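Breakdown of the fold
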Amino acid sequence: MNEFFDPDWGSATLGVRAAEPRTGNREHSASISMTSSYVFESAAQAAAVFAGSEPGYIYSRFTNPTTEAFEKRLAAMEGGESCVATASGMAAVLTLCLSLLRQGDHVVTSSGLFGSTINLFNNVLSRFGIEVSYVAQGDLAGWEQAVRPSTRLLFAETPTNPLVELVDIAALADIAHRHGALLCVDNCFLTPVLQQPLKLGADLVIHSATKYIDGQGRCVGGAIVGDAQRVGKDVFGFMRTAGPCLSPFNAWVFLKGLETLAARMKAHCENAHGLAEWLSEQPTVKRVFYPGLHTHPQHALAQRQQKGYGAVVAFEVEGGREAAWKVIDATRLISITANLGDTRTTITHPASTTHGRISAEARAHAGIGEGLLRVAVGLEDLRDLTADLGRGLRL
Ligand SMILES: *Cc1c(COP(=O)(O)O)cnc(C)c1O
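Given the structure is predicted, the values throughout are model-derived calculations rather than measurements. (Residues numbered from 1 in each chain as written. Predicted model: local features only at pLDDT ≥ 70, side-chain atom pairs only at ≥ 80, totals over all residues. Heavy atoms only, no water.)

So, on to the overall build of the protein. Counting secondary structure elements, the protein contains 14 helices and 12 strands. The C-alpha radius of gyration of the protein comes to 22 Å, within 12% of the 21 Å expected for a compact globule of 395 residues. Seen through its principal axes, the protein has C-alpha atoms that stretch 75 × 50 × 35 Å. Burial status across the protein gives 54% buried among its 395 residues. Put simply, of all contacts in the protein between residues at least 6 apart along the chain, 72% involve residues at least 24 apart. (Helix = DSSP H or I, 4+ residues; strand = E, 2+ residues; numbered from the N terminus. Rg over C-alpha atoms; globule rule 2.2 N^0.38 Å. Buried < 20%, exposed > 50% of the residue type's maximum accessible area, 1.4 Å probe, protein only. Contact = heavy atoms within 4.5 Å.)

Rendered as structure tokens:
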């Protein structure tokens, strides 16, 4: 491993150059260490490595050079001391909670949270005595009012899916710290290229690497980034014992993904901004949700807290579900799938897919109308995307 990097490098340089793994063969591009375990020269060396008095890899559930390179590079890009890679983004949330929380602890989060994370809190962690309160995403007073003496964690996702609502990370960190709690931010939608929550005061960051870090829709994985004690010791210790670890092959795909992340995010943002502006001009589009537009109620916060506006755009069409489904069914190029963070642009109707299992009342409360569509903008030419959406909008 080439351990040298300068933390002041920009995110493009860190993505290409931080923590380059290198074996004795001096390969230029990272090779993959596909091995479940490592051998020792002697019984004494095995004992020393197991005891931690001599460095070395033991077993790929918790030590593998390819996974380690991905962890170190992502930590460098987020500005964190330590990172632990996980089997998926959901495994990152679960690992974080099981490592740092205990029975009787309370969590405050937003009702705009990713659906599977809400299910994890409500249906799994609740069985182990971890309580959760949900507040409106942007309502800072609401976050503070929900805090109890047992609150250990504030868990935020910004921007949210599909309405791209933001929350002020620095203000939330302040609330958490005044009440002796930690702040974790799910940074999946923006990546460290566009937003660095740790630098804004958050204690922990989680990722679904499945999205932009992979960037081409190939592998499922995740990561937790934070300080050397909580992540480097507590989360690492949990991973060593419990094992929801990332495969070295997937770690290699993500490591290579980080090399192009800054360039890809720039292109994703440009396309998304162009599409949001074009949508705003369409007569059958009632409203467009994109933090880069001046009409977004949190545009100023996005400018302050983010280095770009991301690539998720939501919009509401006249005519409810029927009109929204027409737009989807008229596409020939855009993929009908709920995934995001891919080179390929995707489209979904949240009310009947990602948010279909919640009651119509709760959906209306969350602002997810029947005419709402979400587009996760990919890397195709903008004019081909507008032509593909334009067909259905004119029907
Ligand atoms: C996809 C996603 C997750 C879950 O990640 P998986 O890799 O699918 O397990 C968590 N948070 C957000 C914001 C996501 O988009």
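In this section: the pattern of salt bridges. Pairs can form between side chains of opposite charge once their charged atoms are near each other. On inspection of all chains with the given rule, the structure shows 15 salt bridges. By sharing partners, the salt bridges in this structure join Arg17, Glu20 and Arg22 into a single network. (Salt bridge = Lys/Arg side-chain N within 4 Å of Asp/Glu carboxyl O.)

Moving on, we get to a nonpolar patch on the surface. A cluster of nonpolar side chains, namely Ile32, Met34 and Phe249, defines an oily patch on the protein surface of about 270 Å² accessible area. Among the structural elements, Ile32 can be located in the loop between helix H1 (11-17) and helix H2 (43-51). (Patch = residues over 30% accessible without salt bridge, like charges linked within 9 Å, V, L, I, M, F, W, Y side chains within 5 Å. Areas by Shrake-Rupley, 256 points an atom, 1.4 Å probe, with all protein chains shown as cover.)

With that settled, the discussion passes to the pairing of strand S4 (residues 151-157). Burial analysis of S4 places 6 of its 7 residues in the buried class, the great majority of the element. Note: strand S2 (residues 106-110) against S4, 4 bridges, orientation parallel. Note on S4: the bridge partner recorded for Thr109 is Phe155. Bridging between S4 and strand S5 (residues 182-186) involves 5 bridges; their strand directions are parallel. Across the sheet, residue Phe155 finds its bridge partner in S5, namely Cys184. (Pairing = 2+ DSSP bridges.)

A few words on the packing of helix H3 (residues 65-78) against helix H10 (residues 248-280). Close contact between H3 and H10 brings their axes to 8 Å; oriented N to C, the two are set at 35°. In this structure, H3 crosses over H10, and the sense of that crossing is left-handed. On the side of H3, the interface is formed by Thr66, Thr67, Ala69, Phe70, Arg73, Leu74 and Met77, while H10 contributes Pro248, Ala251, Trp252, Phe254, Leu255, Leu258, Glu259 and Leu261. Looking at side-chain class alone, the contact of H3 with H10 contains 11 nonpolar, 2 polar and 2 charged residues. (Axes fitted to C-alpha atoms, helices over the stretch in contact; angles between N-to-C directions. Left-handed = near helix turned anticlockwise from the far one by under 90°. Nonpolar A, V, L, I, M, F, W, Y, C, P; charged D, E, K, R; others polar.)

Attention now moves to the packing of aromatic side chains. One pass over the full model with this rule turns up 7 aromatic pairs. Here the aromatic rings of Tyr38 and Tyr57 are separated by 5.5 Å at their centres, their planes lie at 40°, and the arrangement is tilted. With a gap of 19 residues between them, Tyr38 in the loop between H1 and H2 and Tyr57 in the loop between H2 and H3 connect regions that are remote in the sequence. With a centroid separation of 6.2 Å and an interplanar angle of 75°, the aromatic rings of Phe62 and Phe236 are classed as edge-to-face. One end of the pair, Phe62, is in the loop between H2 and H3; the other, Phe236, is in helix H9 (residues 230-242), with 174 residues separating them in the sequence. Under the relative-accessibility criterion, Phe236 is labelled partly exposed at 27%. (Phe/Tyr/Trp six-rings, centres within 6.5 Å; stacked < 30°, edge-to-face > 60°.)

A few words now on the sheet that holds strand S10 (residues 335-336). Pairing is mixed across the open sheet formed by 5 strands, whose spatial order is S8-S9-S12-S11-S10. Strand pairing shows two members of the sheet lacking a second neighbour, strand S8 (285-289) and S10, which therefore form its edges. Alignment of strand S9 (residues 312-317) against strand S12 (residues 372-376), held across 5 bridges, turns out to be antiparallel. Within the sheet, the bridge partner assigned to Glu316 lies in S12 and is Leu372. Those strands touched by helix H12 (residues 320-329) are S9, S10, strand S11 (346-348) and S12, and its axis lies near 130° from that of S9.

Right, let's get into H3. With 14 residues, H3 extends 20 Å between its outermost C-alpha atoms, agreeing within 8% with the 20 Å of an ideal straight helix rising 1.5 Å per residue. For H3, every residue scored as buried is listed here: Pro65, Thr66, Thr67, Ala69, Phe70, Glu71, Arg73, Leu74, Ala75, Ala76, Met77 and Glu78. Where H3 is buried, its residues meet H1, strand S1 (82-86), helix H8 (191-194), strand S6 (204-208), strand S7 (222-226) and H10. Taking the backbone nitrogen of Thr66 as reference, a side-chain oxygen 2.9 Å away marks Asn64 as the first, capping residue of H3. Positive backbone phi, at 75°, marks Gly79, one or two positions downstream of H3. (Expected span 1.5 Å × (residues − 1). Polar contact = N/O pair within 3.5 Å; in protein donor to acceptor, adjacent residues only side chain to side chain.)

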